[in-house]
Amino acid sequence: MELLDCWASRPSRKRKSPEEDKDTLSFSMDELNQDLLERVLSWLPTSTFFRLSSVCKRWKSVADSSSFKVACSQIPSRDPWFLMVDRHLNHSVVFDSAEKGWKGLKHPPLLQQKSKSDCMPVAASGGLVCFRNASGNFIVCNPVTGSCRKLPPLDLAPENQSLHAIVMDQCSQYDSSYKLVLVFGELPKLSFKVYNSSGNCWEEEISLSRKVDETMEIESNDDDDDDAVYFLSKAGNVVATNMQRSPSKEYSSVITCKDGEEIAYFLSSSGVIVACNLTRKSFSEYPRLLPVFSEYSIDVVQCRGEMLVVLLSEFLESASLRVWRFDQDKGSWHQIAAMPPAMSHEFYGKKVDINCVGAGDQIFICLNSAEHFSYVLCDLVTSEWVDLPRCYMDGEAVEFMSAFSFEPRIEASV
């Protein structure tokens, strides 16, 4: 806002003498033509767009013009916002990574028509977030502008098909269209279905064949991939390896595009990472990071077009939170980042569940248990791990279960 005040007050500055003007190049924002003014203002952080109309009449006309949205679309990228999901799904709160603070958003009118717990965010891409309601239908929304679109009903009987992954992807940086991909079925028989916004329709269901990669040491068995294995933990509790995720991350999955091939990744109920090559219409499974009889919490993220795994485990009376990348050439996992032991030790013995989302070179991590909740931002370039401040409402700290990352873009069209 300081930047807005500075620019808006520029015309009232004391005039310089002609002699001074010869040596100094200065101009007023009022001297810019409309096209150039829109280009300049398009570089402002998204949070300032809501205040443009209160600066002056001319800036209000800019905020309302369609050409201004076109100028905004030319900005290569914006610092991500993280849409937070709480236990009751009745708050619209985002963490602004640019300003390092919490913001409240108005719930879109179309979602307000439903009950508070009816619509749940399930995927995000670019400037859009996809919600799924209790009946299994989808609504795509721009959280910044509140614009929404109901997708056509899906002709998929949920009682007969196990839904594993919901991923969303923009067709290209310069194209406003997007697609939603669903992966469903029972291992080893998987299929996927795609919604394309350009045609506003669901495409035909496509089956995925199983691909066995000899470079991967797969320990799983076709017959028990989704069966839970029970064992005693170090604390004497009965633990099941069957992954029990929070409802907001039930379909935790990501999509990447490399060398023209689109690949969707998701966690099976037993904690195995499944890679579905949508281009080649096949799927394969990655080797486990830890033995099946280990206690851990795991999630998949996408950073800079690459699938990574975040894993929280306990070893030698301490907790460890690490980020892993799979080396396709060597067929094995390699650690690329680790939380400092002084930070991760805090989670030891608290049965913490992690829910993560990637954005650029950052990973936003929600850590939850019955006795602990916190939020951490990991920067993979600088190797910094930052504890984020808690969000307070009515004097009480709000506990969020997970987050979805999106770019705050007023021009993103549903």
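Conventions adopted
Residues numbered from 1 in each chain as written. Predicted model: local features only at pLDDT ≥ 70, side-chain atom pairs only at ≥ 80, totals over all residues. Heavy atoms only, no water. Helix = DSSP H or I, 4+ residues; strand = E, 2+ residues; numbered from the N terminus. Buried < 20%, exposed > 50% of the residue type's maximum accessible area, 1.4 Å probe, protein only. Contact = heavy atoms within 4.5 Å. Areas by Shrake-Rupley, 256 points an atom, 1.4 Å probe, with all protein chains shown as cover. Pairing = 2+ DSSP bridges. Axes fitted to C-alpha atoms, helices over the stretch in contact; angles between N-to-C directions. Phe/Tyr/Trp six-rings, centres within 6.5 Å; stacked < 30°, edge-to-face > 60°. 1 Å grid on protein atoms, 1.4 Å probe; cavity = no way out; pocket = protein on both sides within 12 Å on 5 of 7 lines; lining within 4 Å. Points joined across faces, edges and corners; volume = space filled by probe spheres on them. Nonpolar A, V, L, I, M, F, W, Y, C, P; charged D, E, K, R; others polar. Arc of directions from axis to C-beta.

### What to know about the overall build of the protein chain
- Secondary structure summary: the protein chain contains 7 helices and 29 strands in total.
- Across the 414 residues in the protein chain, those meeting the buried criterion constitute 49%.
- Considering only contacts within the protein chain whose residues lie at least 6 apart along the sequence, 52% involve residues at least 24 apart.
- Entry remark: accessible area of the protein chain is about 21,400 Å², with carbon and sulfur atoms responsible for 49%.

### Things to note about the sheet that holds strand β5 (residues 128-132)
- If you walk across this open sheet you meet the 4 strands as β4-β5-β6-β7, and the pairing is antiparallel. Edge positions in the open sheet fall to β4 (120-125) and β7 (148-150), since each of these has one partner strand only. Ignoring which end each strand starts from, the neighbouring axes of this sheet average 25 degrees apart.

### With respect to the packing of aromatic side chains
- If you walk through the whole model with that rule in mind, you get 15 aromatic pairs.
- Summarising the aromatic geometry, the rings of tyrosine 286 and phenylalanine 326 are spaced 4.6 Å apart at their centres and angled 65 degrees between planes, so their arrangement reads as edge-to-face. In this pair, tyrosine 286 is assigned in the loop between β18 (282-285) and β19 (296-303) and phenylalanine 326 in strand β21 (residues 318-327), connecting sequence segments 40 residues apart. This pair shows no difference in class: tyrosine 286 is buried, exactly as phenylalanine 326 is.
- Ring geometry for phenylalanine 326 versus tryptophan 333: centroids 5.0 Å apart, planes at 70 degrees, classification edge-to-face.
- Exposure remark for phenylalanine 326: the relative accessible area of 7% places this residue in the buried category.

### Focus: empty space enclosed by the protein
- Under the counting rule described, the total for this entry stands at 2 cavities of 30 Å³ or more.
- For the largest cavity, the calculated volume is near 70 Å³.
- Looking at the largest cavity, the residues that line it are Gly271, Val272, Ile273, Tyr286, Pro287, Arg288, Leu289, Leu290, Tyr296, Ile298 and Leu311.
- Looking at side-chain class alone, the lining of the largest cavity contains 9 nonpolar, 1 polar and 1 charged residues.

### Focus: helix α5 (residues 66-73)
- Turning to α5, its buried residues number three or more, namely Phe68, Ala71 and Cys72. Buried residues of α5 fall within an arc of 100 degrees about the axis and therefore sit on the same side.
- Looking at the buried residues of α5, the elements they touch are α3 (34-41) and α4 (57-64).

### Details of the sheet that holds strand β24 (residues 362-369)
- Strand order across the open sheet formed by 4 strands is β23-β24-β25-β26, with antiparallel pairing between neighbours. Among the strands making up the open sheet, the edge pair consists of β23 (353-359) and β26 (384-387). Put simply, the sheet's adjacent strands are angled 20 degrees from each other on average, direction ignored.
- Looking at chain direction, strand β25 (residues 372-379) and β26 are connected through 4 bridges and run antiparallel.

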